[in-house]
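Residue-level listing of the chains:
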Amino acid sequence: MTDKSTEELSLEPEDSPCQLVCSMERESGHCFGCGRTQDEISYWTLKTPAERQAILAELPARMPPLIKLREERRAKRRVNKRRRPSGSASD
């Protein structure tokens, strides 16, 4: 068995847009972190460099609506946490 550093054991290739958020938006099917679909993520390492570049070229157009929706959901979550009565375990 060879001794490899953590950097050498990277699961994602260097050109991967992965942001380690990994949460999918239901309607579009795009990841909130990188903007790729589940299939694009799953088969990223099997795609040719040209296929990867085509996907990467689409991501700037996909991300703004995802970022907006992600921020709206985060804001809603913060409001809901503030509204919960403290110490009530029977909810």
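Residues numbered from 1 in each chain as written. Predicted model: local features only at pLDDT ≥ 70, side-chain atom pairs only at ≥ 80, totals over all residues. Heavy atoms only, no water.

With that settled, the discussion passes to the overall build of the chain. Looking only at helices and strands, the chain has two helices and zero strands in total. A burial count over the chain gives 21% of its 91 residues as buried. The long-range fraction of contacts in the chain, counting pairs at least 24 apart against all pairs at least 6 apart in sequence, stands at 47%. (Helix = DSSP H or I, 4+ residues; strand = E, 2+ residues; numbered from the N terminus. Buried < 20%, exposed > 50% of the residue type's maximum accessible area, 1.4 Å probe, protein only. Contact = heavy atoms within 4.5 Å.)

With that settled, the discussion passes to the packing of aromatic side chains. Under the defined criterion, the tally for this structure stands at zero aromatic pairs. The aromatic ring of tryptophan 44 is capped on one face by arginine 36, whose charged end is 4.8 Å from the ring centroid. (Phe/Tyr/Trp six-rings, centres within 6.5 Å; stacked < 30°, edge-to-face > 60°. Lys NZ or Arg CZ within 6 Å of the ring centre and 35° of its normal.)

A separate point is the side chain of glutamate 25. Examined against the element boundaries, glutamate 25 turns out to sit in the segment before helix 1 (38-42). The buried charged residue glutamate 25 lacks any salt bridge, with arginine 73 as its nearest oppositely charged partner at 4.1 Å. Not counting residues up to four positions away in its chain, the partners in contact with glutamate 25 are His30, Phe32, Leu66, Leu69 and Arg73. (Lys, Arg positive; Asp, Glu negative; His and termini not counted. Salt bridge = Lys/Arg side-chain N within 4 Å of Asp/Glu carboxyl O.)

Of note, leucine 20 is a non-glycine position whose phi angle comes to about 60°, a positive value. On the secondary structure map, leucine 20 appears in the segment before helix 1.

Scanning all chains against the criterion turns up five salt bridges. Here glutamate 40 makes a salt bridge to arginine 62, at a shortest N to O gap of 2.7 Å. Within this pair, whereas glutamate 40 is found in helix 1, its partner arginine 62 is found in helix 2 (residues 49-83), the two being separated by 22 residues in sequence. The two residues glutamate 40 and arginine 62 agree in class, both being buried. Salt-bridge contacts for arginine 62 lead to glutamate 58; the nearest nitrogen and oxygen are separated by 2.6 Å. Of this pair, arginine 62 and glutamate 58 are both found in helix 2, four residues apart, which corresponds to roughly one turn of the helix. When salt bridges with common partners are traced through the structure, they connect Glu40, Glu58 and Arg62 into a single cluster.

One can find methionine 63 in helix 2. Counting along the chain gives 30 residues from methionine 63 to glycine 33, while the straight-line C-alpha distance between them is 8.4 Å. The residues contacting methionine 63, other than those within four sequence positions of it, are Phe32, Gly33, Cys34 and Gly35.

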